[in-house]
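# Secondary and tertiary structure notes
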Amino acid sequence: MKLVARHRQFCFRRPYKAHTIDAFEQVQDWLSDWSGPVMLDSCCGVGESTAKLAQQFPQARIVGIDKSADRLARHHAYASQSQNYQVYRADVRDFWRLCIERQRFFQAHLLFYPNPYPKPSQLQKRWYASPLMPAIMAVSKDLRVRSNWSLYLDEFKQGANMYGFQGRIKAVNEVEHMTPFERKFQHSGQGCFELQLVKKT
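Residues numbered from 1 in each chain as written. Predicted model: local features only at pLDDT ≥ 70, side-chain atom pairs only at ≥ 80, totals over all residues. Heavy atoms only, no water.

### Side note on the layout of surface pockets
Which entries qualify depends on this criterion: Using a grid of 1 Å spacing that covers the protein atoms alone, one calls a set of points a cavity when a 1.4 Å probe fits there but cannot get out, and a pocket when the set is open and has protein on both sides within 12 Å along at least five of seven lines; lining residues are those with an atom within 4 Å of a point. Grid points are joined across faces, edges and corners, and a volume is the space filled by probe spheres set on the points. In DSSP terms, a helix is any run of H or I states spanning at least four residues, a strand is any run of E spanning at least two, and both are numbered starting from the N terminus. For this scheme, ten residues count as nonpolar: Ala, Val, Leu, Ile, Met, Phe, Trp, Tyr, Cys and Pro. Four count as charged, namely Asp, Glu, Lys and Arg, and the remainder, Gly too, count as polar.
Taken as a whole, the largest pocket encloses approximately 610 Å³ of empty space. As for the largest pocket, its lining consists of 30 residues, and the residues nearest its centre are Cys 43, Lys 67, Tyr 113, Asn 115 and Trp 127. Looking at the lining of the largest pocket, the elements that each hand over two or more residues are β1 (38-42), α3 (48-56), α5 (92-101) and α8 (180-187). Split by residue class, the lining of the largest pocket holds 14 nonpolar, eight polar and eight charged.

### Focus on the side chain of Thr 50
Keep this limit in mind: Each residue is assigned to one of three classes by its accessible area relative to the maximum for its type, calculated with a 1.4 Å probe on protein chains only: buried under 20%, partly exposed between the two thresholds, exposed over 50%. It only takes one pair of heavy atoms within 4.5 Å for two residues to be counted as in contact.
As for its placement among the helices and strands, Thr 50 is situated in helix α3. By relative accessible area, Thr 50 is classed as buried at 0%. With residues near it in sequence (within four places) discarded, Thr 50 still touches Asp 41, Cys 44, Ile 62, Val 63, Gly 64, Tyr 85, Gln 86 and Val 87.

### Thoughts on the pairing of β1
Filter applied, for reference: Only strands that DSSP links by at least two bridges are regarded as paired with each other.
In terms of residue burial, β1 counts as a mostly covered element, since five of its five residues are buried. Every second residue of β1 is oriented toward a common face, with Val 38, Leu 40 and Ser 42 on one face and Met 39 and Asp 41 on the other, all of them buried. Of the pairings in the sheet, the one linking β1 to strand β2 (residues 61-66) comprises five bridges and is parallel in character. Of the residues in β2, the one forming a bridge with Val 38 is Arg 61.

### Side note on the packing of helix α2 (residues 18-30) against α5
Note the cut-off: Axis definition: a line fitted to C-alpha atoms, over the contacting stretch in the case of helices. Angles run 0 to 180 degrees between N-to-C directions. Between 65 and 115 degrees an angle is taken as roughly perpendicular, under 35 as roughly parallel, over 145 as roughly antiparallel, and anywhere else as oblique. In a left-handed crossing the near helix is turned counterclockwise from the far helix by less than a right angle, and in a right-handed crossing that turn is clockwise.
For the pair α2 and α5, interaxial distance at closest approach is 9 Å and the crossing angle is 50 degrees. Comparing the axis directions of α2 and α5 gives the class oblique. When you trace α2 past α5, the crossing you get is right-handed. Seen from α2, the contacting residues are Thr 20, Ile 21, Phe 24 and Val 27; seen from α5, they are Asp 94, Phe 95, Leu 98 and Cys 99.

### As for unusual backbone geometry
One non-glycine residue, Cys 43, lies in positive phi territory at about 55 degrees. For Cys 43, a relative accessible area of 16% gives the class buried. The phi dihedral of Tyr 117 is positive, around 45 degrees, even though this residue is not glycine. Within the secondary structure, Tyr 117 sits in the loop between β4 (108-111) and α6 (133-138). With relative accessibility at 30%, the residue Tyr 117 sits in the partly exposed group.

### Quick word on the packing of aromatic side chains
Put simply, the rule reads: Ring pairs shown here join Phe, Tyr and Trp side chains whose ring centres sit within 6.5 Å, with only the six-membered ring taken for Trp; geometry is labelled stacked below 30 degrees between planes, edge-to-face above 60, and tilted in between. Counting as a charge over the ring demands two things of the Lys NZ or Arg CZ atom: a distance within 6 Å of the ring centre and an angle within 35 degrees of the ring normal.
Under the definition given, this model contains seven aromatic pairs. Ring centres of Phe 24 and Phe 95 lie 5.6 Å apart, and the angle between their planes is 65 degrees; this geometry places the pair in the edge-to-face category. You can see Phe 24 sitting in helix α2 and its partner Phe 95 sitting in helix α5, a full 71 residues away along the chain. Accessibility classification places Phe 24 together with Phe 95 in one group, the buried group. A ring pair is formed by Tyr 128 and Phe 156, whose centres lie 6.1 Å apart and whose planes are at 65 degrees; its orientation type is edge-to-face. You can see Tyr 128 sitting in the loop between β4 and α6 and its partner Phe 156 sitting in helix α7 (residues 150-161), a full 28 residues away along the chain. Across the pair, exposure class does not vary: Tyr 128 and Phe 156 are buried alike. Above the face of the Trp 30 ring, Arg 61 is positioned so that its terminal group lies 4.9 Å from the ring centre. The cationic tip of Arg 146 hangs over the ring face of Phe 112; the distance from NZ or CZ to the ring centre is 5.0 Å.

### Describing the nonpolar core
What counts is decided by this rule: By nonpolar core we mean a set of buried residues, namely Ala, Val, Leu, Ile, Met, Phe, Trp, Tyr and Cys, connected to one another through side-chain atoms within 4.5 Å.
Val 63, Phe 95, Trp 96, Trp 127, Met 137 and Phe 156 are the most contacted members of the largest nonpolar core, which totals 38 residues. Among the secondary structure elements, those contributing two or more residues to this core are α2, β1, β2, α5, α6, β5 (142-147), α7 and β7 (193-199). Here this core gets five residues from one element, more than from any other, and that element is α5. Core analysis: the next-biggest nonpolar cluster, separate from the first, contains eleven residues, Ala 51, Tyr 85, Leu 110 and Met 178 among them.

In structure tokens form, the structure reads like this:
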């Protein structure tokens with residue numbers, strides 16, 4: 001947790017990429033006449049989870065973000081008829097910081113991309129140990145993280161505690177999969193878990 005504490009003291013200042021600024025402005029335009037809840041699906045891949053969230057929460061608007069144009073180009077295979085969601089190509093490392101800078105916050109933030117990086121040398125690639133953890137913790141007071149590696153989620157929970165979040169981990173093996181990753185985990189007999197985090201008031 002020393003790395004988590006260190007990243008809290010410094011601001012990640014990489015220049016924003018132009019395509020992410022453009023995507024952020026498109027999101028702002030789409031939400032300009034909306035006063036209801038908005039949920040952010042980060043690292044949404046092909047957008048399967050974004051479409052499913054839109055069906056589960058018809059009273060909200062769902063924003064899906066992924067860095068890969070190739071993955072998003074395959075969204076048509078997973079799209080739903082719901083009109084309350086959009087997927088955008090953007091680098092989340094820039095998008096999250098733009099949200100904070102422009103005061104765009106979310107009712108809930110979903111991180112369903114598993115992101116373990118199990119080798120010790122890859123520690124700083126895990127979200128909770130990256131310089132982006134302060135931004136992740138700031139865009140919403142309700143964060144849900146999924147993975148097939150419960151240790152990763154336990155460490156994420158410890159890191160989130162340092163930002164005033166409380167949470168619990170639960171198995172979601174009996175729940176319908178939200179992403180292609182989860183479908184693969186279920187078919188191979190692996191467990192899948194969800195960390196639910198809420199900011200203490």
